[in-house]
Each structure stands twice: as C-alpha cells, then as structure tokens.
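Chains, contacts and geometry: an overview
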Number of protein chains: 2
Amino acid sequence: MSGGERLVGDLPQRDASEIAGEIAADETLLVSGFGSVGYPKEVPLALADSNRDLSLTVISGGSVGNEIDSELVKADAIDRRYPYQARPPAREAVNTREMAFKDRNISTLGDEIQYSEITDGGTAVVEALAVGTDWLIPTTSIGQTPAFVESADRIIVELNRSVPTAVRRFHDIYRLGKPPNRNPIPLADPGERIGDEQIEFDASKLAGVVETDRRDQPYEFRDPTDDDRTIASNLGTFLENEVRRSPLFEESLRIQFGVGSLGNALMSALGDADLGGRDLIYFGEVIQDGLLDLLDEEKLSAASATSLALSSEGQEQLFNNVDRYAENVVLRPGDLSNSPTLINRFGVVAVNSALEMDLFGHVNSTHLNGTRMMNGIGGSADFNRHSPVAVLALPSTAADGEISRIVPMVPHVDHTEHDIEVVVTEQGVADLRGKSPEETATALIKNCAHPDYRENLQEYLNRGLDSAGHVPHDIETALDWHVNRT
Amino acid sequence: MSGGERLVGDLPQRDASEIAGEIAADETLLVSGFGSVGYPKEVPLALADSNRDLSLTVISGGSVGNEIDSELVKADAIDRRYPYQARPPAREAVNTREMAFKDRNISTLGDEIQYSEITDGGTAVVEALAVGTDWLIPTTSIGQTPAFVESADRIIVELNRSVPTAVRRFHDIYRLGKPPNRNPIPLADPGERIGDEQIEFDASKLAGVVETDRRDQPYEFRDPTDDDRTIASNLGTFLENEVRRSPLFEESLRIQFGVGSLGNALMSALGDADLGGRDLIYFGEVIQDGLLDLLDEEKLSAASATSLALSSEGQEQLFNNVDRYAENVVLRPGDLSNSPTLINRFGVVAVNSALEMDLFGHVNSTHLNGTRMMNGIGGSADFNRHSPVAVLALPSTAADGEISRIVPMVPHVDHTEHDIEVVVTEQGVADLRGKSPEETATALIKNCAHPDYRENLQEYLNRGLDSAGHVPHDIETALDWHVNRT
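Basis of the calculations
- Just so you know, the residues in each chain are numbered from 1, in the order the chain's sequence is written.
- Labels follow written order: the first chain is A, the first ligand is 1, and so on.
- Local features are withheld for residues below a pLDDT of 70 in this predicted model, meaning they are given only at 70 or higher, and side-chain atom pairs are given and counted only at 80 or more; totals for whole chains, interfaces and linings count all residues.
- Water and hydrogen atoms play no part in the side-chain values, which are based on all heavy atoms of the structure.
- The contact definition used throughout considers only heavy atoms, calling two residues in contact when any of these lie within 4.5 Å.
- For this document, the term salt bridge refers to a Lys or Arg side-chain nitrogen within 4 Å of an Asp or Glu carboxyl oxygen.
- Polar contact criterion, stated in full: a pair of N or O atoms within 3.5 Å, where within protein one must be able to donate a hydrogen and the other to accept it, and residues adjacent in sequence count only if both atoms are side-chain atoms.
- By definition, any uninterrupted DSSP run of H or I lasting at least four residues is a helix, any uninterrupted run of E lasting at least two residues is a strand, and each is numbered from the N terminus.
- Lys, Arg, Asp and Glu make up the charged group, whereas Ala, Val, Leu, Ile, Met, Phe, Trp, Tyr, Cys and Pro make up the nonpolar group; the residues left over, Gly among them, are polar.
- Each Phe, Tyr or Trp ring, with Trp reduced to its six-membered ring, pairs with another whose centre is within 6.5 Å; inter-plane angles below 30 degrees give stacked pairs, above 60 give edge-to-face pairs, and intermediate values give tilted ones.
- Here the term buried applies to any residue with accessible area under 20% of the maximum for its type, exposed to any over 50%, and partly exposed to those in between, with areas from a 1.4 Å probe on protein chains only.
- Think of each axis as a best-fit line through the C-alpha atoms, taken over the contacting stretch in the case of a helix, with angles from 0 to 180 degrees between the N-to-C directions.
- Should an angle lie under 35 degrees it is considered roughly parallel, over 145 roughly antiparallel, and from 65 to 115 roughly perpendicular; all remaining angles are considered oblique.
- Each helix crossing is assigned a hand: it is left-handed if the near helix lies turned anticlockwise from the far helix by less than a right angle, otherwise right-handed if that turn is clockwise.
- Segmentation of the chain into domains, including their bounds, is taken from an automatic or database domain assignment.
- What counts as buried area is the accessible surface, traced by a 1.4 Å probe, that two parts surrender upon association, with contributions from both included.

With 82 residues of chain A at the contact, the number on the chain B side is 82 residues. Glu421(A) is the partner of Arg104(B) in a salt bridge, and the nearest nitrogen-oxygen pair spans 4.0 Å. In this structure, the connection of chain A to chain B is made through 40 residue pairs in polar contact (both at pLDDT 80 or more). The element that contributes the greatest number of residues to the side of chain A that touches chain B is helix α13 (residues 340–346) of chain A, accounting for five residues. In terms of residue class, the side of chain A that touches chain B is built from 31 nonpolar, 27 polar and 24 charged.

Structural data, given as structure tokens:
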C-alpha cells in the first residue's frame, strides 16, 4: 500500500444498509474491536435500523461501542454474545438472560473461534484504515480480527477514513500456527516486531467494503479519587522494594495494568516511583492515556498491547503525533498481547482490579452478588495466572464505604487462591506469597480491609478456626455477608 | 558417566543420621519426588528418628512417600509444607492447621522457589541413581529437582542403588532461563528430547552423599469400578467424535490424564477407542500403569511426563524392560511436563477428575465441604486452563450414591467456569462450549447428574431463574446443599 491510499484495487464498494440486508437473520457476526475502539459502526447501525426480526450471534475481540452493544441490543437483534460487554443495554440483556452470554478469557478466544464448536464460519465485520482485494489494515485495535478473518466464510470491511493511515505503523500482526505444529512465539522483547501491518485473506471471501468516517466511542476516564491516589502510592512503594529484592527485575520492570479509571490512574502514578534507574516497559492488553504521558516523559521505553483504549483527548494526542509514538508503541493480536507464555517469559508484573476478594484469596471480578454480570473477565485471568507477581489493586470498600470489598467468601470466583500474589488497597499491602489460608486471612484483615469491617471479618475467621479444616471457612454463614446486603 | 558407575569422583559419603544432625532445626528442605516416587528416604527418616525439636519447612516437587509425609509429620518436625501431600498424617496436620500449607500449581512452583520470597536458599535433599562432584542423575521422577538444586545453598544426595542406572535413559532435563530473557522452549514434539540426563550444580554446594537401597512407596491402584468403566466408555465415544470433528486432531490425539485410579482406568480404556488410525500421544505429568500397556500394544507412540508414578508391579514391568520403553518414554522437569505453552502448542486434551462441580461450571478439586483439604490441586489447573478441550471426568455421586458430585454451588473453587469444556460422568456427556450459565446448568442436570438428584438440582436452578441475573444462583440457599450434608 502506498502512503495515503485506502482503497487499493477493484473492490466491491457497498452501501451499509444494502449489505446489511444480505446478512441472514440468525448469522454469526465476528466483529473487530477491543477496548471500545476499532469496532465496525455502519453495518451494526444498519442492522439495528432494519426493522428485521434478527437473532444474531455477535462475537467481538473485547469491548465495543454503542453501535453494537447499545443500538443493536436495543433492537433486540442479538440472541447470543461473547466474550465481553461494557454498555448498559448489553449488560441488562445479559442479566435478564434475553441475550445468552459466555464470559471468555482473551488469550484463547481466537483459538476457540477457529477450532471449537462455538461457531461455524460466520461473517466477519471488521474495521480497517485501508483495504485491498486480499488484505486489510486494522484501525485502533487488533483484538481477534486476524482469527475472525481467517475463520469467517464472508468478510465485510468498514473502511474508516477518520483514522489516520499512519496508525498502521503501530501494528505487529503475527499469527500463531495450528496445534500440534504451533511454533514457539519468536518474540524476544516486548517492544520487538515480528509480524506485519496487515491481515491477509482469501479474496473470494470479501463480500463488500463500506465507507465511513464515524469515530470510535472510547472510554471516558473519571478523575482519580483520593483512594486511587493512595492505592497508587502503596503500589509504588511495593514495586520500589520488589524490583530491588527480586532477581527478576535486575534490569527492568515489565508491567501490565487492567482497563479502567483505576488502572489509568495507576499507570500515570507509576512515573513517580523510584525504580533505581531500571527500564520501565509496558506489556498489557490496552494502551490508556496514562501511558502516553509516561512515553512523553521518557519514563517508559516501550508499550505493547492490542488496543489503543484512549479517551477522545488521548486519541487526539496520539493521532497528532503518530511518528513520535510509533517507535515505542506496538499493537498485537489479543492472543499475543495476552499470551500466557509471553507474560511468563517476560516476567510481567500484573496489576488488576476486581469487585471483591475473600479472606482466602479468591477473587470476584465479574458478578455482583454472584449473579449479576458487570462486564466480563477480559484479560485479567491471562495476566493474573501467568504473572510471577500478580497484584490485585482495589479500594477496600465500595458504595461510599457501605460495602467491604474484602469479604468472608466471594459468591463468584474468577481468580483462585493460586493466582494472586499481592493485594493492595488504600489501607496497605498484603503479600500472600507462601501464606497458608489462615495466614492469608489474617494479613488481609490487618493490612487491606477497611477498619470498619475488620472486627466482623475477624469474627468470621474465628468461627472457622473453631470448627473447620485447612481453609477456616464457616460454611453455614459464609454467604450471609452477601445475603444480608441485598 | 560410564554405564553402571554410581559414585563418580571424590565424594563426601555420609551416614544419614550424621548429616541429618547438621540440618538446622528450622531449615527449609527442598526435596525431590513427584507422583509418590523419586523422593529421599534416609535423611527424612533420620530426622524423624532424631528426637530433636524440629520446625522444618518441606517443599517437594509433588507427592512423596511415608518417610516424609507420614514419619516426619508424625514426629511433629514439619511446620510448613508446599505444594501437595497425599498421606493421611500430612492431610491431618494440614487440616488441624498444625502444619501451614499452601496449595500450588505444578508448572510454576520451580519459578516460585527460584524467584519469590517463599524461600531463601535452603537444603536440597534429592534422590539420585548416580552422582558426581558437580552433577546428579534423578531416579523415578524429575519434578522440581533442577530448580531446587539451583536455588539451594546446600545439596544432600541420596544415592539409591535399587533404581536401575538405565532409568536415566528416560530423562530429558531442559532448563528454562530467567525472565525477562527466558527463551521459547524449543520442543517441537511431545516425544522429542532437548535436554540432558543429568542435573549440574556448583560442586561447593554438595554437603554429602547418603547411600540407600530403600524402594519407593508408590501408589496402589484399585480395580476399576463399574462407574469407572462407564465413564471410560462415555469418554471414548466423545473422543471418537471429537477427533473427527476438530481440525486440531487431523493427524493425532495428544492427551493427558490426571493421577489416580480413575485416571489409570481411563488410560487403559483409551486403547479401545476407534481413533480412525490417528496417532495417540501422551503429554501429561505422570506415567501410570495403564500407559505401559498401551505402549506394549503399540497403541501409544510416545509418552511424556515428569514421574513414573507406577504401582510396584508397574515399576517391575518398566525396570525389567528399560530398553524397550526408553525410546518412547520421556521424563521432564515439572515446568515442562506441565508447561502452559506446551499444552497449548501441542493442543493436548486434558482429562482430570475432581471432588465436585457446580451447575455453572466451577470445580472443586481439593477441599471437602470447602474446608477440609484432600491432597492438593497438583497439575490439574495447568492442564485444564491451557487445554483446548479440558474434560472433567467424574462419577455423578460419591459415598455409595449418598452425595451428588453435581451441586448448586461448590464451596471451594479450583477451576473456574472458564476452564472446563466438557464434563463426563457415568450418566453421559455435557459439552459446555459456548453455553451460557443457564444452558450449562440445564446440560449438566440432564446429561451428567445422577437421576436421584436431578429434581432437587432443577428446583435450585428454577429458584435462581425466578430472581437472579446472568448466573442464576439463589445465593440465599446456594450452600445449603453442603450445610445440610454435614
């Protein structure tokens, strides 16, 4: 592709509502998008406006915008949805169970689509900044687009002219082969490039190209709260000690932060930590605004992710300075950004949040009161399980202090006692490494729980210590904490 | 090392009780052993008999024999124990919490020992079939011995003359490097060899060599029950279909089975499945008796593991025919046998059992009634999480039908809803891929639960469907099933 050319070759240019009309009512749509950016917009809107009786399955890379998870959901067009959603109408449809939903890990979704029974063919609807007869270049996220394009029977490309063509310079699209002959990933360094800017496909699958200049509807980050700042400060102190103690961090600190306002605030604050001159490298799933500032200040040497999950201001900052950032920012497919083996080989410190944690180290990231889905597990399990130092960072309370996020037993488990090494709240830090369940509970009550809840938590623990085994739960009252709350 | 020589060079040969007397009362012992074989025997027995007031930390590769987890425990010598135990005295000490215990995954224990805060130095006590001034050759298991020998300050070798020196021919000891410069594992095939027979160490760390001819106390497998046979038959039917459906199994089926009598029975029965001429390859953590028979019948082309967890009869069968088996049997360190990336790259079907599973796909492998530890998670999470097709195989009931193993909510979660793809009981098969929580519950009740419990489980599900969100739990009564049982 030459510099600014977006449509290369003889392409089937189509009107959105026309091509939407050719999509079967019960089709499986494999849509691009991750971190609320880089998703298709015109075809979903045309489907939502079509007044047809639709029962679609919609599978995305990760979070997508209102055109899909609000408009198409409100049109009652989606029967089934994987693997993540973060818009109120989608959340409501998941929780009324009108939309069947299965929460999936990011790292393996591509394989599941390509090799499992959960879909057969389907139509890929993917956003691109340029397209040819047998290739496309993704926009602001890669996500699972390569796997979707490979496994779909048909491909519809939304060419988005609002995304600068230079964004392609961030891309590094490497494909895992098919097991059992899947080769080791030859990436030696988080900032290295081993793939292409573009995704290739079988030309006969290209059903149409729809043009748009409609922009992403990205996240809006709230300003950091006092608790966010104290958590960031506690995390900074822990990291300053950890990099000096552990042989894993002699030269550099590789780190990931979860998506969201707290994650963004933690990223920003990391620039203040004294890492003793060590290189700071980001290896995560999203680039958020906080990282751009660290790059500007030359405090971060490289950033690898699968999505530019920036605010509108962050997008402006990036789009106006692609040349400056392209050297240090790499976008990869989700099965590399979240790859268990890369997280392990690079020794990435993981920093993720959650709804709540229990006294014995189990974590609920997704389901309020064990039943009501918030967004989904996203990449948190990929990083928590495979990081040598998985840090759970969360405020000790929610709802203005009315709810403790440290509880006797979580009513839904996304991460087990085997996954988290360190817990940070605004109260302090609990290092769970090597600790038995009883020791874990004691450390969490003392160092991380809010003082208002320590006595009740200790009473619960004492009941377990009186009667139970290795994990001193009092099963009879383990969930009362949640039942009495509702 | 020349053929039969076991002691090479000028070695510090020592009496067991003498060298045991030099071990500090609060020492950390890093002991070899996995699958109840290949563990040190004389030094632990000497410590148990010493009448000293000991408060040891004992970290093993996996399961070890009575010399450690019975005798040393009964002598009240162990204050702290990781990562797995399977002998009644150890289990009792874990559940009275007299012995602090932390359950760990197999794949990452070596890294935790080498890079985390859970131990600093310590004494490695490891069994070998031959030893030199700066090398040793393990016996019937590799486990975490390479990591232990690397990270320990001192090394005591137990030279076991009862293990044929030819057993070294099974070994393939490859070491992962230190993150962030850890290279990809260059293993292209489960049966390939990329390492050495021996483990090297700094000669100055060798504190003593103790000789013994005391044998392992390996597992005793019970005879398969009727339920075991029906589960094996249901699994066989599932696999026959799956290998024909999935592009992952065009050429071969790579498979792992969990440790134990059911696992052993399933291994044996696999020979009867019609795989359409596909190669059958084992990639797991233990070689059990059932696999030897498949090798004898030439139904299995290779077997990779970290332990020869055979019965006494199985050990005889193997030891008398090392030449025959050495071509196809490979023993690796636990961080390779259970490597997430190798399980993923080879596309290994995982078949593991558990105590119970809940209606929404969460699995309890370890804690009776959520509090009482059985053995430990072992390698089940390594395989379940990273297998493209993780199968949970278990009888639908326990205690002669008095207890359903399908329950509303498990009181302890080792594997989450994200980890298991397929459930097999003697009642049938539930394929959970792509299923929402409601669909998962419906399939488990219909296909896997015992008929005696279906009505009660359906009533529970109906209560959740009346009132709850995405996961239709009735939190108020979720654990009554367990409370009422005790």
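Don't stop here, the text continues.
All names here are of chain B. For the structure on display, the rule yields four aromatic pairs over all chains. Taken together, a centroid distance of 5.3 Å and an interplanar angle of 80 degrees make the contact between Phe 283 and Phe 346 edge-to-face. Within this pair, whereas Phe 283 is found in strand β11 (residues 279–283), its partner Phe 346 is found in helix α13 (residues 340–346), the two being separated by 63 residues in sequence. A single burial state applies to Phe 283 and to Phe 346, both of which are buried.

Take unusual backbone geometry next. Note the cis peptide between Tyr82(A) and Pro83(A), where omega equals -10 degrees. Note that Pro83(A) resides in the loop between β3 (78–82) and α4 (88–95). Phi is positive for Asn51(B), close to 60 degrees, though the residue is something other than glycine. Relative to the assigned elements, Asn51(B) resides in the loop between α2 (42–48) and β2 (56–60). Residues other than glycine seldom take positive phi values, yet Asn369(B) does so here, at roughly 55 degrees. Tracing the chain through its elements places Asn369(B) in the loop between β17 (367–368) and β18 (372–373).

All names here are of chain B. Structurally, Ile 23 is set in the loop between α1 (16–20) and β1 (28–31). Considered as a pair, Ile 23 and Thr 123 are 100 residues apart in the sequence and their alpha carbons are 8.2 Å apart. The contacts of Ile 23, once residues within four sequence positions are left out, are Leu 29, Val 43, Leu 47, Arg 52, Leu 56, Arg 154 and Ile 156.

Here the focus is the packing of helix α7 (residues 226–245) of chain A against helix α8 (residues 261–270) of chain A. Each pair of packed helices can be described by the angle between their axes along with the distance between the axes. Residue and element names in this part refer to chain A. Between α7 and α8, whose axes approach to 9 Å, the crossing angle comes to 50 degrees. Relative to α8, α7 is oriented oblique. Here the hand of the crossing between α7 and α8 comes out right-handed. The segment α7 lies against α8, with Asp 228, Ile 231, Ala 232, Leu 235 and Leu 239 engaging Leu 262, Ala 265, Leu 266, Ala 269 and Leu 270.

Residue and element names in this part refer to chain A. Once the domains are mapped, chain A shows domain 1 (16–212) and domain 2 (226–483). Domain 1 and domain 2 are separated by 28 Å when their C-alpha centres are compared. Taken together, the 45 residues of domain 1 in the interface contact 47 residues of domain 2. Across the interface of domain 1 and domain 2, roughly 3,700 Å² is buried in total on both sides, 59% from carbon and sulfur atoms. One can count four salt bridges joining domain 1 with domain 2. Ionic pairing is found between Arg 169 and Asp 323, a salt bridge with its closest N-O pair at 2.4 Å. Along the contact surface separating domain 1 from domain 2 lie 24 residue pairs in polar contact (both at pLDDT 80 or more). The leading source of residues in the side of domain 1 that touches domain 2 is α4, at four residues. For the side of domain 1 that touches domain 2, the class distribution of residues is 22 nonpolar, 13 polar and ten charged.

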